[in-house]
Amino acid sequence: SSLTLRGTTSLLLSSLTLRGTQGALASSHAGPPQVPEQVPEQVRPSLWQAGLGQARRGVRACITRGPINTRPGSGSGSGSGSGSVPGSGPGPCKHPRNDTNLNTHPVKPNCCVCLDGELKGKPLLLCDECEKHYHCACLSPPLERRPKKGTWLCPSCANEPSALLASLLGLHEKDAYFTDNMDDLLRFLASDEFLKCGNSILDNGRPTCESGNLRAQKAWIEACTGVAALLAQTARDSEADGRFVSLALLLPQLLKQRPGTRGGGDPSSWSQSQATIKLCQSFKRGNLPSIMRKAAREGEKLLAKRRLRRPPAPPVVPPPPPPAPGPNPVPLWSAQGIDSALWSDMDQRVSRAEAAARASNLSRARKILTSAGLAAHDAVEELHAKHPVHALPTVAHHDPNLWSPPLPPEHPDATNALTPLALAKALRKSPRGGAADQLGWRAHEDIGPLFSDSESDLAKTFCDRIAFCFFSGHFPPDTLDVPTLWGGNLIALSKAPKPGVRPILIGQAWRRLVARAVTPGLRAPCEEYFTGAHPRVFQFAAGVKDGASHAVNLTRTLLDVAKVTACDPLNPTAAAVSDITNGFNEIARQPILDSIAGIASIAYDGNRILPGEALPYSCTPLAGIAPFVAGAYLNRATARYSAPNDVHFIDVTAGVQQGDVFGSTLFCAGLHPLLCRLMDRHPEVICVAYADNVTFIGKLSLAWAALDEFNKLAREDLKLRINTSESLIHVPSWRALAEPPALYNEVSACFPNTPLDCRETLQGFKFLGAPLGIDSFITSSLDAAVANITSELPFFGALTDGLLHYRLLRFCVAPRMDYLLRTTNPILATDAAR
């Protein structure tokens, strides 16, 4: 017989109660509870709601006893340390996270005097300094009533404060901004609970406010000024310095928490401003403990709700509308022929795109409208596969002074390129409306107001004490989890209609800003190195303006010259193109560091270069940012991936971050010395490269031999994967043939490990998206490009603002042909341009 609703609900609640918090959390990971098949369909939603409520109560009970961390490598010995000497390896974490297993019951605290638990339901007092529990009656002298909310210290800690607390209490200008509870704020700042809450917020941060009115911006600047005034009084690299640096980095998560809405949509700008003002006022009254505890608790709740959420169902997509009857053509902005999966959520895309366009970020608005967006499934397995685990690099053979942090700005001999004015210039060139980092920082909305006056004490303090930590690769002790600070938010972009995902790591906003500030001084020396270090190696991806156009035009010129000059029919000129798979995420970090230092730490070129020997063609222009590179890539980093139903942490030990401003330059720094040494052994071959797109031009057998050796050395020395199925060979003198001659098979037999397809590229091939070949091949490629651009017009037609529609068409759609026009014969490109 079928069960009734009341009986089934009682049975489920009894089972959850017996299992307690352990069962509730386990059921939250396993999905909805299993309901017997006899239960009618109308009863099932009620059962799920009952189980969800019980699971939330269990999760809340666990949250009040401390945050739960499930990230890999969070125990002792897994952190990179804060400011460790390069080459010494990661040391044990001074403040390890709570790695309690989810399957263990939370331990109830006992009084450290009488060893008893709670009496008559009255909770114990917890000392914020030593974290011991007491009964009110067990204290000496006993307390008649519980103290008010705030920081409480037991008599022993109150009489003998720690050295850190004493240094914090000795700040002589502590009342410059905060109006009340200053001692409680400093005591909480000196406690271990501050780091626990801070790391919990770092792992499970909530979305922050994107905008605010003038009152909210004024309150935000005042709060940052108050923290900067206290930070400026602490000694550099002290424990107090680490606590205030952590507090400064957490400010967006504490003071700009996005308010919730009943409908679950985005809050209005006015509500975001009011929430920021209220939090800043509470922070000014010294209520930091309550603000941080609430932020950590809300972050844990958000994570628990995400884990309890049902997997997203596939969207119900209506069929595309039928074509209009009659001879009238379909207008360019109709939805006919558009992928229905992209068109299903067009209302949300339009609102987000218009917000980005109004913030002058037209490129982001176009991507929101036309791209497939984030992957809808849990792509953690794919992301793990795209981030292989490599051994951490070593700098034992290098000069230790190269990787040491530079002199601090207050030192009289300091010559740092990082100044408040340089940061202010970088902010003006940064894109507006960008995504927030893991701590909630946005360049223009949050950091921009701090540097509106580059001569102010506020700008100088944040430059010298916050931005300098990233520039020097060194954080003071007692800072937040350092691997997470060098990591960021990992997002999985869908490659639809192709399978797979494209990982993009959004690093900390301060790190990206520092890189943009020092980049102008590196452009000229990097361009000279990557295009002039070797007479036959040209790398156009680092420091060269419009480098892709230069690479395509140089390749076409070399092939055209070989076509019109005398050609040896037995060994004609050819272009051998290599295809590297996921190169940015998988390149070994050791060759990058060795290239900057000029000393080999491993064997290169088949033991031609041994460890400890000088490395030819080293990338000396990047020696000025060596401490930054050491901090970012000498130790592991932790990437946070928010899946639809969970949050995953991935340890990154290989590759360069695609969100890093220096990512492309560092990749080229590891690859360029190998190409230069390779061309020394192939004197009749020219190499043209743009990042991981490498082309060898020379006689057919010689170019093929150079590509064969490059693939071998790239696998052994750089740990790169070569996609031989996408690699190709093109011979200009064979363009008129229908089939490759017998010479192709003869040369191919000499290189069995490097098979190259020639049949599909007889008439031409695409290099960096530009067509190279006969006129008909180029014309058809341009027509396909025009059709691709035209196919995006329906997305722009969905915009409700006509002015934004015009701006996107003018500045995003029309210029897309500019690159092809710059790299194509003008006579062939006339029709496509029209």
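Preceding this paragraph is the structure being described.
Residues numbered from 1 in each chain as written. Predicted model: local features only at pLDDT ≥ 70, side-chain atom pairs only at ≥ 80, totals over all residues. Heavy atoms only, no water.

S.K.: Can you break down the overall build of the protein residue by residue, with the values?
M.R.: Along the backbone of the protein there are 34 helices and 15 strands. Relative to its 834 residues, the protein shows a buried fraction of 49%. Within the protein, residue pairs in contact and separated by at least 24 positions form 73% of the contacts whose partners lie at least 6 positions apart. Put simply, the protein shows about 38700 Å² of open surface, and 54% of that area lies on carbon and sulfur atoms. (Helix = DSSP H or I, 4+ residues; strand = E, 2+ residues; numbered from the N terminus. Buried < 20%, exposed > 50% of the residue type's maximum accessible area, 1.4 Å probe, protein only. Contact = heavy atoms within 4.5 Å. Areas by Shrake-Rupley, 256 points an atom, 1.4 Å probe, with all protein chains shown as cover.)

S.K.: So, the pattern of salt bridges: which residues are in play, and what are the values?
M.R.: A complete count under the given rule lists 18 salt bridges for this structure. Of the charged contacts in the structure, one is a salt bridge between aspartate 464 and lysine 460, with a shortest N-O distance of 2.9 Å. A residue pair is termed a helical-turn pair when its members lie 3 or 4 positions apart in one helix, as aspartate 464 and lysine 460 do in helix 19 (residues 457-472) at four residues. Residue classification places aspartate 464 among the buried positions, given a relative accessible area of 11%. (Salt bridge = Lys/Arg side-chain N within 4 Å of Asp/Glu carboxyl O.)

S.K.: Just give me the short version of a positive patch on the surface, but keep the residues and values in it.
M.R.: Taken together, Lys425, Arg428, Lys429 and Arg523 make up a surface patch of like positive charges. Take the positive patch: its biggest share by element is three residues, from helix 17 (residues 420-429). As for its placement among the helices and strands, lysine 425 is situated in helix 17. (Patch = residues over 30% accessible without salt bridge, like charges linked within 9 Å, V, L, I, M, F, W, Y side chains within 5 Å. Lys, Arg positive; Asp, Glu negative; His and termini not counted. Charge placed at Lys NZ, Arg CZ, Asp CG, Glu CD.)

S.K.: Account for the sheet that holds strand 6 (residues 573-578), with residues named and values stated.
M.R.: Backbone-to-backbone hydrogen bonds pair the strands of a sheet. The strands run either parallel or antiparallel. Read from one edge of the open sheet, five strands run 5-10-11-6-13, paired in mixed fashion. One side of each edge strand has no neighbouring strand; the edge strands of this open sheet are strand 5 (537-539) and strand 13 (728-730). Recorded for the sheet is a direction-independent mean angle of 15° between the axes of neighbouring strands. Where strand 6 meets strand 13, three bridges bridge the pair, whose relative direction is antiparallel. Of the residues in strand 13, the one forming a bridge with alanine 576 is isoleucine 729. Sheet contacts for helix 27 (residues 663-681): strand 5, strand 10 (686-690) and strand 11 (693-699); angle to strand 5, the most-contacted strand, approximately 165°. (Pairing = 2+ DSSP bridges. Axes fitted to C-alpha atoms, helices over the stretch in contact; angles between N-to-C directions.)

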